[in-house]
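Remarks on the overall topology
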Number of protein chains: 4
Amino acid sequence: MTVPTPLTGVVPPVCTPLTPDREVDVPSLLRLVDHLVGGGVRGLFVLGSSSEAAFLRDGQRRLVVESVVAHMAGQLPVLAGAIDMTTPRVLDHVAAVTAAGADAVVVTAPFYAGTHPAEIARHYRVIAAASPVPVIAYDIPAAVHTKLPADVVLGLAADGVLAGLKDSSGDLAAFREVVSGARNRSDITGFSVLTGSELVIDAALAMGADGAVPGLANVDPHGYVRLDGLCRSGDWDRARAEQERLCALFGMVRVGDSGRMGGSSSALGAFKAALHLRGVIDCPVTAEPQVPLSPEEVERVGKHLATAGLL
Amino acid sequence: MTVPTPLTGVVPPVCTPLTPDREVDVPSLLRLVDHLVGGGVRGLFVLGSSSEAAFLRDGQRRLVVESVVAHMAGQLPVLAGAIDMTTPRVLDHVAAVTAAGADAVVVTAPFYAGTHPAEIARHYRVIAAASPVPVIAYDIPAAVHTKLPADVVLGLAADGVLAGLKDSSGDLAAFREVVSGARNRSDITGFSVLTGSELVIDAALAMGADGAVPGLANVDPHGYVRLDGLCRSGDWDRARAEQERLCALFGMVRVGDSGRMGGSSSALGAFKAALHLRGVIDCPVTAEPQVPLSPEEVERVGKHLATAGLL
Amino acid sequence: MTVPTPLTGVVPPVCTPLTPDREVDVPSLLRLVDHLVGGGVRGLFVLGSSSEAAFLRDGQRRLVVESVVAHMAGQLPVLAGAIDMTTPRVLDHVAAVTAAGADAVVVTAPFYAGTHPAEIARHYRVIAAASPVPVIAYDIPAAVHTKLPADVVLGLAADGVLAGLKDSSGDLAAFREVVSGARNRSDITGFSVLTGSELVIDAALAMGADGAVPGLANVDPHGYVRLDGLCRSGDWDRARAEQERLCALFGMVRVGDSGRMGGSSSALGAFKAALHLRGVIDCPVTAEPQVPLSPEEVERVGKHLATAGLL
Amino acid sequence: MTVPTPLTGVVPPVCTPLTPDREVDVPSLLRLVDHLVGGGVRGLFVLGSSSEAAFLRDGQRRLVVESVVAHMAGQLPVLAGAIDMTTPRVLDHVAAVTAAGADAVVVTAPFYAGTHPAEIARHYRVIAAASPVPVIAYDIPAAVHTKLPADVVLGLAADGVLAGLKDSSGDLAAFREVVSGARNRSDITGFSVLTGSELVIDAALAMGADGAVPGLANVDPHGYVRLDGLCRSGDWDRARAEQERLCALFGMVRVGDSGRMGGSSSALGAFKAALHLRGVIDCPVTAEPQVPLSPEEVERVGKHLATAGLL
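A quick note: this is a predicted structure, and the numbers were derived from the prediction, not measured. (Residues numbered from 1 in each chain as written. Chains lettered and ligands numbered in written order. Predicted model: local features only at pLDDT ≥ 70, side-chain atom pairs only at ≥ 80, totals over all residues. Heavy atoms only, no water.)

Once that is clear, we can look at the overall build of chain A. Counting its secondary structure elements, chain A contains twelve helices and eight strands. Computed over the C-alpha atoms, the radius of gyration of chain A is 18 Å, within 12% of the 19 Å expected from 2.2 N^0.38 for a compact globule of 311 residues. Each principal axis of the C-alpha atoms in chain A carries an extent, and together these give about 50 × 45 × 40 Å. A burial count over chain A gives 63% of its 311 residues as buried. Of the contacts made within chain A by residues no fewer than 6 positions apart, 73% connect residues no fewer than 24 positions apart. (Helix = DSSP H or I, 4+ residues; strand = E, 2+ residues; numbered from the N terminus. Rg over C-alpha atoms; globule rule 2.2 N^0.38 Å. Buried < 20%, exposed > 50% of the residue type's maximum accessible area, 1.4 Å probe, protein only. Contact = heavy atoms within 4.5 Å.)

With that out of the way, let us pick up the sheet that holds strand 4 (residues 104-108) of chain D. All names here are of chain D. Ordered in space as 1-8-7-6-5-4-3-2, the eight strands form an open sheet in which the pairing is parallel. Bordering the open sheet on either side are strand 1 (9-10) and strand 2 (44-46), each of which pairs with just one other strand. Alignment of strand 3 (residues 78-81) against strand 4, held across three bridges, turns out to be parallel. Bridged to Leu 79 within strand 4 is Ala 104. Across the sheet, helix 7 (residues 172-184) lies against strand 6 (164-167) and strand 7 (192-195), angled at about 160 degrees from strand 7, the strand it touches most. (Pairing = 2+ DSSP bridges. Axes fitted to C-alpha atoms, helices over the stretch in contact; angles between N-to-C directions.)

What follows deals with the sheet that holds strand 8 (residues 211-212) of chain C. Residue and element names in this part refer to chain C. Strands sit in the order 1-8-7-6-5-4-3-2 across an open sheet of eight strands; the sheet is parallel. A single partner strand is all that each edge strand has here, and the edge strands are strand 1 (9-10) and strand 2 (44-46). Pairing of strand 2 with strand 3 (residues 78-81), which is carried by three bridges, proceeds in the parallel orientation. Bridge assignment links Leu 44 to a residue of strand 3, and that residue is Val 78. Lying on the sheet, helix 3 (residues 87-99) is in contact with strand 3 and strand 4 (104-108); it crosses strand 4 at an angle near 160 degrees.

Counting from both sides, the interface comprises 47 residues of chain A and, opposite them, 47 residues of chain B. The junction of chain A with chain B conceals about 3,600 Å² of combined surface from both sides, 57% of it contributed by carbon and sulfur atoms. Here chain A and chain B share eight salt bridges between them. Here Arg 89 of chain B and Asp 84 of chain A are joined by a salt bridge, their closest N and O atoms 3.4 Å apart. For the pair chain A and chain B, the interface holds 18 residue pairs in polar contact (both at pLDDT 80 or more). When residues of the side of chain A that touches chain B are traced back to their parent elements, those giving at least two are helix 2 (58-72), helix 3 (87-99), helix 4 (117-130), helix 5 (141-144) and helix 11 (263-277) of chain A. Grouping the amino acids of the side of chain A that touches chain B by side-chain chemistry returns 22 nonpolar, 14 polar and eleven charged. (Buried area = accessible area lost by both parts, 1.4 Å probe. Salt bridge = Lys/Arg side-chain N within 4 Å of Asp/Glu carboxyl O. Polar contact = N/O pair within 3.5 Å; in protein donor to acceptor, adjacent residues only side chain to side chain. Nonpolar A, V, L, I, M, F, W, Y, C, P; charged D, E, K, R; others polar.)

Below, the discussion takes up the relation of the copies chain B and chain D. In screw terms, the move from chain B to chain D is a rotation of 180 degrees and a rise of 0.0 Å along the axis, fitting with an RMSD of 0.0 Å. On this basis, the relationship between the two copies can be described by a two-fold rotation axis. Identified as the residue of chain B closest to the rotation axis by C-alpha distance is Ala 203 of chain B, at 2.7 Å. A share of 95% of interface residues in chain B that are also interface residues in chain D marks the association as one of identical surfaces. (Least-squares fit on C-alpha atoms with pLDDT ≥ 70 in both.)

Okay, the interface of chain B and chain D next. Quoted interface sizes are often the accessible area lost when the parts come together. Contacts between the two partners involve 21 residues from chain B, matched on the other side by 20 residues from chain D. Carbon and sulfur atoms make up 46% of the surface buried where chain B meets chain D, a total of about 1,500 Å² over both sides. Its largest share of buried area at the contact with chain D, chain B owes to Arg 176, Arg 240 and Glu 244 of chain B, together 33% of the area lost on that side. Taken together, the connections running from chain B to chain D amount to four salt bridges. For Arg 176 of chain D, the salt bridge goes to Asp 202 of chain B, with nearest N and O atoms at 2.7 Å. Summed over the shared surface of chain B and chain D, the number is eight residue pairs in polar contact (both at pLDDT 80 or more). When residues of the side of chain B that touches chain D are traced back to their parent elements, those giving at least two are helix 7 (172-184), helix 8 (201-207) and helix 10 (236-250) of chain B. Sorting elements by how many residues they give to the side of chain B that touches chain D places helix 7 of chain B first, with six residues.

Before going further, it helps to examine the environment of Val 291 of chain C. Examined against the element boundaries, Val 291 of chain C turns out to sit in the loop between helix 11 (263-277) and helix 12 (295-307). A relative accessible area of 9% places Val 291 of chain C in the buried class. With 22 residues separating them along the chain, Val 291 of chain C and Gly 269 of chain C place their C-alpha atoms 8.4 Å apart. Sequence-distant contacts of Val 291 of chain C, defined by excluding residues within four places in its chain, comprise Arg 260, Met 261 and Ser 265 of chain C together with Ala 118, Glu 119 and Arg 122 of chain D.

Attention now goes to the side chain of Asn 218 of chain A. In this fold, Asn 218 of chain A is placed in the loop between strand 8 (211-212) and helix 9 (221-232). A polar contact is formed between the side chain of Asn 218 of chain A and the backbone oxygen of Pro 13 of chain A, at a distance of 2.7 Å.

Right, let's get into the UniProt feature "binding site: pyruvate" (unreviewed entry) in chain A. The UniProt record marks Val 213 of chain A with the feature "binding site: pyruvate" (unreviewed entry), using the residue numbering of this structure. Among residues more than four places away in sequence, those in contact with Val 213 of chain A are Val 11, Pro 12, Pro 13, Phe 45, Lys 166, Leu 194, Thr 195 and Gly 196 of chain A. (UniProt positions renumbered as here; feature names shortened; annotations may be inferred.)

Our next topic: the relation of the copies chain A and chain B. By a simple turn and slide, chain A fits onto chain B: the slide is 0.0 Å along the axis, the RMSD is 0.0 Å, and the turn is 180 degrees. Here 100% of the interface residues in chain A have copies in chain B that are interface residues too; the copies meet face to matching face.

What follows concerns the pattern of salt bridges. Pairing between side chains of opposite charge can happen when their charged atoms approach one another. In this structure the tally under the stated criterion is 88 salt bridges over all chains. One salt bridge connects Arg 260 of chain B with Glu 297 of chain B, and the closest N-O pair in it is separated by 2.8 Å. With a gap of 37 residues between them, Arg 260 of chain B in the loop between helix 10 and helix 11 (263-277) and Glu 297 of chain B in helix 12 (residues 295-307) connect regions that are remote in the sequence. Between Asp 58 of chain C and Arg 89 of chain D there is a salt bridge, and its shortest N-O distance comes to 2.9 Å.

With that settled, consider the UniProt feature "active site" (unreviewed entry) in chain A. All names here are of chain A. The UniProt entry lists Tyr 138 and Lys 166 under the feature "active site" (unreviewed entry), expressed in the numbering used here. In summary, the annotated positions, though distributed over 29 residues, converge in three dimensions, the widest C-alpha pair being only 4.8 Å. Residue placement: Tyr 138 occurs in strand 5 (residues 135-139). Counting through the fold element by element, Lys 166 comes out in strand 6 (residues 164-167). Given a relative accessible area of 6%, Lys 166 falls into the buried group. Residues within four places of Lys 166 in sequence aside, it is in contact with Phe 45, Ile 136, Ala 137, Tyr 138, Asp 139, Leu 194, Gly 196 and Val 213.

On to the packing of aromatic side chains. Taken as a whole, this structure holds eleven aromatic pairs over all chains when the rule is applied. Centre to centre, the rings of Phe 111 of chain C and Phe 111 of chain D are 6.3 Å apart; their planes meet at 65 degrees, and the pair counts as edge-to-face. Of the two residues, Phe 111 of chain C sits in the loop between strand 4 and helix 4 (117-130) while Phe 111 of chain D sits in the loop between strand 4 and helix 4 (117-130), which places them in two different chains. Exposure remark for Phe 111 of chain C: the relative accessible area of 2% places this residue in the buried category. Summarising the aromatic geometry, the rings of Tyr 112 of chain C and Phe 111 of chain D are spaced 5.2 Å apart at their centres and angled 45 degrees between planes, so their arrangement reads as tilted. Pair noted here: Tyr 112 of chain C is in the loop between strand 4 and helix 4 and Phe 111 of chain D is in the loop between strand 4 and helix 4, and the two residues belong to different chains. The residues Tyr 112 of chain C and Phe 111 of chain D share a single accessibility class, namely buried. Aromatic ring contacts, followed pair by pair, group Phe 111 and Tyr 112 of chain A together with Phe 111 and Tyr 112 of chain B into a single cluster. (Phe/Tyr/Trp six-rings, centres within 6.5 Å; stacked < 30°, edge-to-face > 60°.)

Listed below in structure tokens is the structure:
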């Protein structure tokens, strides 16, 4: 299906449930998709960072896209990450996920090899030239160690190379520059500006963002959809209250902050533990080499859910 | 073939020559291998950073290993990088390169997702358990944004998980800690400590390193083999003079430092331009999205070769 | 005078005009203060980063505080930075600026020597114990290379060590955590949460921040005071328009982005050039070793002023 | 006295002993100086990072220089750090330490405000123009978050702005570039290249460094002087053994690596505990806000001393 221009509302990065032996648990994945769709989301983003895309083998990635696309049957747009180090490898993922039915691809700056704005621009130009579907830039400096410069993004938007931006940089001032440019420049139309910053969705929408891609929406899609609606209707006081409830819920990502594991193990472990506690997925396991949460840490996830009224 | 324990001498990270349309140029690759073997190297490391492994598609990676392994026919050990973000994806590369005949695999810390020492250890343990050949850790913080802690490396060496270290961190004090530990701890035997720092090979060997993996050895294998020999024979004055000649030659990596491209485009572009100028490979092109050197920049590469007596 | 609890409204970090031989230009400084007071600001922050505090000698720092305090004569609170590397040196600055009449001191985390949350807490406890006036924490990771953890700030607020936070981190999600904690924790009262992020003041105030400390308010105090008022009255649409006008004006900080100088030379040079063009200060010179703007770059600052309706 | 050109041998960064109430303990300081001179050092560097210069108030800094200069009475050159954020503040320290008798000043790149190579060069030019004694550049990226570029250092050496370099970057490849440039460029004479990397002194001297400034030489000056002598006589095997003994001793800097304090608290705390255990200084206290070592951690320092034959 065609992706709306712009894409609006909540478009969650869909977690990838795994079986105990760490294969994709398709029934759990489809239950999760139903849970999200039931919550009112406007699209699905598979194979993003919250999806553990970096941890999924090529066959697993393909299975995720095929399963979700088939299940959605055109009901909502399915965006797919094509996460890899450089242009040639990303091109192969673009080919794979579009063959599997993705409606758009989401692509980061190059990583591993150091990069440069001229190389980033070249990267997106080559990919867009080869992709049968729109290309959305994925700004995630915590992962790729480069910030997408606002002027590069806007220049590529004006040239029709990029169809949108998913900004997970946490830098709202730079994000605003893209939002304003996309609004005010006459040479840019239909460009979707999406924020991945789950703690400041209200602020991003107030600035004029089109939509949100919050990892925590896996756990509480209804909350984020409610937040989006309150922002759209200009009810900023209630929006703020809803956002603050979600911020408190987000505290779950720190349950593993004991020095025993890294932030990814803790955050993705907490999301999956929460989905398991809520009965959405069968098994909370995360991919290797992430360290599993302890029973006590899972219990603390449960308390976060209870406080937020989700258990 | 079995990799010697320890592996010693010069083991260059082999560049990957490409055709003008950016496919692997196998005849040029094999000429490059002959050039290296003729220079006296003691092993070959394919699919490392200097090999543009981050830029090669899976099929290209496989072709490189198969071609080099078949050509070498057991004459020298062939180490292969299995460069990817996380354990499950690295495991697939380990399976591919060992099926293609690699004698050892070279593996970095996880990247993209943030990581933690406990996760790094877990990563190597899972990979070593699955690998049919020895696993060598690849410490390259500039690419993966994590430094392998010396105590983690030594602990994994003692447990038989790691067979060696290729250190491209540039941190000789930390490198020395691994060298000393590998020498002095009674629970560690046959562990190969290799430096990738092409400008301080003499210092690393003086500290007790077993061997060197210098990218610049593609351009001047004879020089690095000579340097290794001088160090082994304790002729430190002539070793230093040879190393300084190579340091001057290494200046070629900055020919593109004009603000127009990143460091990878400049350095790998210079190595390939030099190999082309020396008649070893047919085409100096680098993979996308790297920016090509200009004719004037290539001319400056030529001057570096001339000064070093290589043209 | 007593600093209000909380401190609200616009509290600009006051630029320090210099003479051509780089001494403090007191008449220009007082004209700048009048310009700010006339614009409706609610307090003055001298010796902050925008004040070039890092570039001012001790005698110059003292002269700034004395001159401004005497000129204000208790009309508005005067906050003073006590910017130095470690506790003992900061204590000396605290003594100096409070002797000169400052109503509160603003203190960063330790820098130069690496630091740790336990050391940061210790730092603030020792300083607060010795300071005759309230201590406000200054979170500026770009300068000190440490982010003040929200839980440390809130813990020190609860213990009465800190009276407020000036957040120049650009991380609105972390800022929100302090805002929410200061609002919701029963053990914290009268704590002032101020943002230094001049491009997202509307968002910070919408989250519940008490006030703003925008460097650009030197150039356009009326604009920032208007923005603050619109936010307080809940007129978010007009607030956003005013903020966007100020964001465009802020573009002046990049006039020196030619590769010839660093960001501080460009940004502080632009602020001072703008104040000079607006007739507020006599001389736009910045302190050594900052590189001066060229006439052409100053002309571009003028264009920014003209577009914003300030010339 | 005139500083030799080049300055050679071991020039330790002298620790600053404090009394229990954290004032400079002059008798202990002079005993430490005697301990170092008795060990055979060739100069003294006061007010460096290991001296806790960042933690000393201006009066304390002055007292240190005056006390050491008077005690040495021209016997050995006394270099003094002039550590502060920017040119004007460094100029005041230069004036103070040279008035107190320092024979050379040691100056870092600007910090706190971001900087740029052009600003760094300007910084050193202004300082050298005003300094009555030679200026030595201090490359310490861990503290100032900028690496001094080799070409900037060499250019300033050729212009007579800089008289030497103290390199604490840990980057031996870049260090070698300065060593080689200082040796080979005809426009540079009498430039002193000193390494601060206490774990690779042998390697630095083998590359052609003139001398060493190791913090650990406070604890074991005899060992470092022996190491320097072995290197100068070309006895590389015994040099390596001595260096390795010192590397093991250096392990004391990690006694506080428990998560309870930062690296500075641990390393400087260990040096001072060792000096106290060896009977050189009266009190091992470090400056605020550093966290003190526990009795158990001090005991582990003692074990390091015992293993190294120093107790």
